[in-house]
Amino acid sequence: MAVYATATRSPQLLLVLSTLGLLAIGAPQPPNIVLLLMDDMGWGDLGVYGEPSRETPNLDRMAIEGMLFPNFYSANPLCSPSRAALLTGRLPIRNGFYTSNAHARNGMPPLTRHPAAYTPQEIMGGIPNSELLLPELLKKAGYTNKIVGKWHLGHRPQFHPLKHGFDEWFGSPNCHFGPYDNKVKPNIPVYRDWEMVGRFYEEFPINLKTGEANLTQIYLQEALDFIRTQHARQSPFFLYWAIDATHAPVYASRPFLGTSHRGRYGDAVREIDDSVGKILSLLQNLGISKNTFVFFTSDNGAALISAPKEGKFCFLSSGPSMQKVLQSMHSAVIDPGGSNGPFLCGKQTTFEGGMREPAIAWWPGHIAAGQVGGLAPVRMSRSRAGSVEECPCQSGTLLHGCLKGVLHLFQVSHQLGSIMDLFTTSLSLAGLNPPSDRVIDGLNLLPTMLQGHVMDRPIFYYRGNTLMAVTLGQYKAHFWTWTNSWEEFRQGIDFCPGQNISGVTTHTQEEHTELPLIFHLGRDPGERFPLSFASDEYQDALSRITPVVQQHQMSLVPGQPQLNVCNQAVMNWAPPGCEKLGKCLTPPESVPEKCSWPH
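Fair warning: this is a prediction, and the values are worked out from it, not measured in the lab.

Caption draft 1: Geometry of the overall build of the protein chain. In terms of helices and strands, the protein chain carries 14 helices and 25 strands. For the protein chain, the residues scored as buried account for 62% of the 599 residues in total. Contacts in the protein chain between residues far apart in sequence, at least 24 positions, make up 73% of those at least 6 positions apart. As displayed, the protein chain offers around 22,300 Å² of accessible surface, 53% of which is attributable to carbon and sulfur atoms.

Here it is, written out as structure tokens:
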């Protein structure tokens, strides 16, 4: 078993240590920061995480050259609150990205068989001016900041990303749903900086029948051009590449359509993988890879909304207890879209499949590559392309794999990580302190990445205004369980297809605050076998979790909820720049009303 160093809990000391580390290596300027945020991509979608098609060679290579985080979490099982958490370093309950209109409801409108969680055009709220976003703070260290892709923190003028620290933007304020008739609802605009340059399904077509769209290629070119420009200016930069090809309706460009064993979703993943490879190659070719920190992750788990009732997972994770669990799950459901690996349910839920994300850190020359610290070596052979002949693993090994027939060992951190940590870690990279006038939930992961430290910390799972669960160490306690209503479930809307677990994946809101359901995620990552209430293990876990939760709840000051009020008049009828294009639309009468969130 690996022996882990325990880091001090002082964030100030960690910041000093990490900054001294940067100065010691003689960095000429703060490192560039590239955050690659995917949309609805699941933990099990990458080859390095065991996806059997192994169609992500560039991301797998990124993992080989960097560090893998198998225990990395979103701050919410939905797109918009998760993105708010990343850019503020704060839980959505603090930054306002939740609704108080109903108990434990996600911010999502009452759609039917194809729901997707998003801040819809009717929402009047967005990121409050009181919140300090990562790009605003990075400006103090001389960074030039660009967002490419989905903003999702409010589409009204006061919420524009260039008013919150970004210098450039190419992308959209909302998801790429549509097409709409521009009468009852307008098509979503695409912006370049301050003004719209077109709309989805119009100037930026998406063929719903074939899945063809060139958006990922456009987003890639935006990223490459920005990197080249900032390199020529010798300016530190922050690139937030938040693309949405794996969010329904899934799309890919023509060269990638039909190339995956996993259908259209796999085509989109392959194009993303190819794009990430091009971004990393450019950094290397420009000679700035050693001064550029790159992190890849997703905003929430894969959406399992219309999965079939057959299929199976195949993983290269090991360890005796893990293998037994995974072997028992070979008949589990997989979605023709994303995969959440061995975990329960998906997007919309606070089970592991909804909030545990793929995560890879890459920083050549700083993050050591190609080893598994403290773990037993693994040997693996591959005799035919695409088929693993044998995979004998010694106890304790977590992840390993072959690339082009060669065995590679991945450096793996068992740190419980959060998407909010990217806020604090990025500030540390820039030599900045996090704001001291508010609670910051994100940790600085540089001691983990550079020195192998593992810090104790809880992971809080919120759904709307409700704390649903918490993980501390290997134990996860559920205080509330539910997936969606019986009414929706009977209509065919199932967030956990093929994974019904009595008393766990409930269709009514079940309270467990007096006696939480507790799972050992090391032995039971699928949350199928709750510990016996009478067991010593349960009592010991409960005794450690209870004071952490009590302290959190006693000190919590919720932000003003931003997802409570809807108004059709605030939709994207006449975005800035519409006059130049002749694409301004007439809004209806303004009628603010309480938003209805069914789940």
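Caption draft 2: Region of the structure containing unusual backbone geometry. At the junction of Gly-178 and Pro-179, the peptide bond is cis and its omega measures out at -5° in the coordinates. In this structure, Pro-179 sits in the loop between strand 6 (168-172) and strand 7 (189-192). The omega torsion across Ala-248 and Pro-249 is -5°, close enough to zero to call that bond cis. Structurally, the position occupied by Pro-249 is in the loop between strand 9 (237-242) and helix 7 (263-285). Despite not being glycine, Arg-54 has its phi angle at roughly 50°, a positive value. If you trace the backbone, Arg-54 turns up in the loop between strand 2 (32-38) and helix 2 (57-65).

Caption draft 3: Summary view of the state of the cysteines. Counting across every chain of the model gives 3 disulfides. Shown here is the disulfide that connects Cys-345 with Cys-496, its sulfur atoms set 2.0 Å apart. Measuring the twist about the S-S bond at about 105°, one finds the Cys-345-Cys-496 disulfide to be right-handed. Here the residue Cys-345 occupies a position in the loop between helix 8 (320-327) and helix 9 (352-355), and Cys-496 occupies one in the loop between helix 12 (486-490) and strand 22 (510-511), the gap between them amounting to 151 residues. Of the two residues, Cys-345 and Cys-496, both sit in the buried class. Once the disulfide-bonded cysteines of the protein chain are ranked by sequence position, their pairing pattern turns out to be 1-2, 3-6, 4-5. Here Cys-79 is not disulfide-linked; the sulfur of Cys-175 is the nearest cysteine sulfur, at 5.0 Å.

Caption draft 4: How the structure looks around the sheet that holds strand 18 (residues 458-463). Pairing within the open sheet is antiparallel, and its 4 strands lie in the order 18-19-20-23. Edge strands, defined here as strands with exactly one partner in the open sheet, are strand 18 and strand 23 (517-520). Sheet twist, expressed as the mean angle between neighbouring strand axes with direction ignored, is 20°. Both strand 19 (residues 466-472) and strand 20 (residues 475-478) contribute to a ladder of 4 bridges, which runs antiparallel. If you follow Leu-472 over to strand 20, its bridge partner there is Tyr-475. Sheet strands in contact with helix 13 (residues 536-555) are strand 18, strand 19, strand 20 and strand 23, and its direction is about 125° off that of strand 19.

Caption draft 5: Molecular detail of the sheet that holds strand 4 (residues 72-73). An order of 11-4-16 is seen for the 3 strands of this open sheet, with the pairing classed as mixed. The open sheet is flanked by strand 11 (356-357) and strand 16 (417-418), the only strands paired with a single partner.

Caption draft 6: The packing of helix 6 (residues 215-233) against helix 7, seen in detail. Two elements in contact, helix 6 and helix 7, have axes separated by 10 Å at closest approach and are oriented at 10°. Classified by the angle between their axes, helix 6 and helix 7 sit roughly parallel to one another. Residue-level contacts link Thr-216, Gln-217, Leu-220, Ala-223, Leu-224, Ile-227 and Arg-228 of helix 6 to Glu-271, Ser-275, Lys-278, Ile-279, Leu-282 and Leu-283 of helix 7. Among the residues forming the contact of helix 6 with helix 7, the class breakdown is 7 nonpolar, 3 polar and 3 charged.

Caption draft 7: How the structure looks around the UniProt feature "glycosylation site" (unreviewed entry) in the protein chain. In the numbering used here, UniProt assigns the feature "glycosylation site" (unreviewed entry) to Asn-214 and Asn-500. Tracing the sequence through the fold places Asn-214 in the loop between strand 8 (195-199) and helix 6. Residue position: Asn-500 is located in the loop between helix 12 and strand 22. A polar atom in the side chain of Asn-500 sits 3.4 Å from the side chain of Thr-505.

Caption draft 8: How the structure looks around the nonpolar core. By size, the foremost hydrophobic cluster in this structure holds 129 residues, and its most contacted members are Tyr-240, Trp-241, Phe-295 and Phe-296. With 9 residues, the single largest contributor to this core is helix 7. Aside from chain neighbours lying at most four places away, what touches Tyr-240 is Leu-35, Leu-37, Arg-83, Leu-86, Leu-87, Lys-146, Ile-147, Val-148 and Phe-166. One finds Cys-345, Phe-351, Phe-495 and Leu-517 within the second-largest nonpolar core, a separate group that totals 11 residues.

Caption draft 9: Expanded view of the UniProt feature "binding site: Ca(2+)" (unreviewed entry) in the protein chain. As recorded in UniProt, the feature "binding site: Ca(2+)" (unreviewed entry) lies at Asp-39, Asp-40, Cys-79, Asp-299 and Asn-300. With the annotated positions falling across 262 residues, the maximum pairwise C-alpha distance of 7.6 Å places them together in a single cluster. Topologically, Cys-79 is positioned in helix 3 (residues 79-88). With a relative accessible area of 0%, Cys-79 lands in the buried category. Excluding its chain neighbours within four sequence positions, the residues that come into contact with Asn-300 are Asp-40, Met-41, Ser-74, Asn-76, Pro-77, Leu-78, Cys-79, Lys-347, Gly-354 and Glu-357. A polar contact of 2.9 Å, which involves the side chain of Asn-300, links it to the side chain of Asp-40.

Caption draft 10: Region of interest: the confidence of the model for the protein chain. Scored by pLDDT, the protein chain comes out at a mean of 85, with 81% of its residues at no less than 70. Per-residue pLDDT stays below 50 along residues 109-119; that stretch engages in 42 contacts with residues further than four places along the chain or on separate chains. Considering only residues more than four positions removed or in separate chains, one finds that residues 306-335, a stretch of pLDDT under 50, has 68 contacts.

Caption draft 11: Spotlight on the side chain of Thr-144. With respect to the element layout, Thr-144 can be found in strand 5 (residues 144-150). At a separation of 3.4 Å, a polar atom in the side chain of Thr-144 contacts the side chain of Ser-235. With residues near it in sequence (within four places) discarded, Thr-144 still touches Asp-167, Phe-226, Gln-230, Ser-235, Pro-236, Phe-237 and Phe-238.

Caption draft 12: Local environment of helix 3. Across the 10 residues that make up helix 3, a large majority, 10, are buried. Residues of helix 3 that are buried include every one of Cys-79, Ser-80, Pro-81, Ser-82, Arg-83, Ala-84, Ala-85, Leu-86, Leu-87 and Thr-88, and no others. Against strand 2, helix 4 (92-95), helix 5 (134-138), strand 5, strand 9 and helix 10 (421-429) lie the buried residues of helix 3. Just beyond helix 3, the residue with positive phi is Gly-89, at close to 70°.

Caption draft 13: Molecular detail of the pattern of salt bridges. The full count for this structure, using the stated rule, is 26 salt bridges. In this structure, Arg-83 and Asp-39 form a salt bridge, with 3.3 Å as the shortest nitrogen-oxygen distance. Of this pair, Arg-83 sits in helix 3 while Asp-39 sits in the loop between strand 2 and helix 2, placing them 44 residues apart in sequence. On the basis of relative accessibility, which here comes to 0%, the residue Asp-39 falls in the buried class. Two residues, Lys-146 and Glu-222, come together in a salt bridge whose shortest N-O distance is 2.6 Å. Here Lys-146 is found in strand 5, whereas its partner Glu-222 is found in helix 6, with 76 residues between them in sequence.

Definitions and cut-offs
- Along each chain, residue indices are assigned from 1 in the same order as the chain's sequence is written.
- This being a predicted model, a pLDDT of at least 70 is required before a residue's local features are given, and a value of 80 or more before pairs of side-chain atoms are given or counted; all residues contribute to the totals for chains, interfaces and linings.
- Hydrogens and water molecules were not included; the side-chain quantities draw on all heavy atoms of the structure.
- Strands here mean DSSP runs of E at least two residues long; helices mean DSSP runs of H or I at least four residues long; both are numbered from the N terminus.
- For the exposure calls, accessible area comes from a 1.4 Å probe over protein chains only, and a residue counts as buried if that area is under 20% of its type's maximum, exposed if over 50%, partly exposed in between.
- Contacts between residues were defined by any pair of non-hydrogen atoms, one from each residue, lying within 4.5 Å.
- Here the Shrake-Rupley method, with its probe set to 1.4 Å, supplies the accessible areas, and only the displayed protein chains count as covering residues.
- Counting rule for disulfides: a pair of cysteine sulfur atoms within 2.5 Å.
- In this description, strands pair whenever DSSP reports at least two bridges between them.
- Only the stretch in contact is used when a helix axis is fitted, and all axes are lines through C-alpha atoms; the angle between N-to-C directions ranges over 0 to 180 degrees.
- Angle categories are assigned with fixed cut-offs, so that under 35 degrees is roughly parallel, over 145 is roughly antiparallel, 65 to 115 is roughly perpendicular, and the rest are oblique.
- Note on residue classes: Ala, Val, Leu, Ile, Met, Phe, Trp, Tyr, Cys and Pro are nonpolar, Asp, Glu, Lys and Arg are charged, and everything else, Gly too, is polar.
- UniProt positions are given in the numbering used here, feature names are shortened, and annotations may be inferred rather than shown by experiment.
- By the criterion applied in these results, polar contacts are pairs of N or O atoms within 3.5 Å in which, for protein atoms, one can donate a hydrogen and the other can accept it, and in which residues neighboring in sequence qualify only through two side-chain atoms.
- Nonpolar core, defined: a set of buried Ala, Val, Leu, Ile, Met, Phe, Trp, Tyr and Cys residues in which side-chain atoms within 4.5 Å join the residues together.
- A residue's pLDDT is the predictor's confidence in that residue, given on a scale from 0 to 100.
- Each reported salt bridge corresponds to a side-chain nitrogen of Lys or Arg within 4 Å of a carboxyl oxygen of Asp or Glu.

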